[in-house]
Amino acid sequence: MHMKTSGVIASVALLCSASAFAALHHYQVIGEGLGRSAEEAYEAASYDAARKCYLSWGHSTQEQTILVEEIQPDTGYWYVKLSEGCISED
């Protein structure tokens, strides 16, 4: 009985250590958004980036860099383009 228990414990330890070495992939996703205010456009762009990260089976690092923040002259709406860190595992 002792040998069987040790084998189960060794198998569980091996599985846990294998998952500890899963490859993490860090990358950037781009989010874009329009809004009546800069804040509204930022929120839309942030949501877009988080959605793209989630759809690629990742999770956000919450680190964002605003790439573009400007008023669109033809519409008067704010446009924001940002990059957001995303991490996925193998």
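Residues numbered from 1 in each chain as written. Predicted model: local features only at pLDDT ≥ 70, side-chain atom pairs only at ≥ 80, totals over all residues. Heavy atoms only, no water.

J.: When you look at the sheet that holds strand β1 (residues 24-35) in this model, what are you seeing that I'm missing?
T.: One open sheet holds the three strands; their spatial order is β1-β3-β2, and the pairing between them is antiparallel. With partners counted over all chains shown, the strands left at the sheet margins are β1 and β2 (59-71), one partner each. Put simply, the sheet's adjacent strands are angled 20° from each other on average, direction ignored. Taken together, the twelve bridges between β1 and strand β3 (residues 78-89) define a ladder with antiparallel strand orientation. Across the sheet, Gly-35 pairs through a bridge with Trp-78, a residue of β3. On top of the sheet, helix α2 (residues 38-55) reaches β1, β2 and β3; it is set at about 145° to β1, its chief contact. (Pairing = 2+ DSSP bridges. Helix = DSSP H or I, 4+ residues; strand = E, 2+ residues; numbered from the N terminus. Axes fitted to C-alpha atoms, helices over the stretch in contact; angles between N-to-C directions. Contact = heavy atoms within 4.5 Å.)

J.: Explain the pattern of salt bridges here, please?
T.: Pairs can form between side chains of opposite charge once their charged atoms are near each other. For the coordinates displayed, the defined rule picks out two salt bridges. Put simply, Glu-40 and Arg-36 hold a salt bridge, and the shortest N to O gap is 3.7 Å. Arg-36 sits in the exposed class, given a relative accessible area of 63%. We note a salt bridge from Lys-52 to Asp-48, for which the minimum N-O separation is 3.3 Å. Of this pair, Lys-52 and Asp-48 both sit in helix α2, four residues apart, roughly one helical turn. A relative accessible area of 34% places Lys-52 in the partly exposed class. You can call Asp-48 buried: its relative accessible area is 18%. (Salt bridge = Lys/Arg side-chain N within 4 Å of Asp/Glu carboxyl O. Buried < 20%, exposed > 50% of the residue type's maximum accessible area, 1.4 Å probe, protein only.)

The analysis is restricted to geometry; functional conclusions fall outside its scope.
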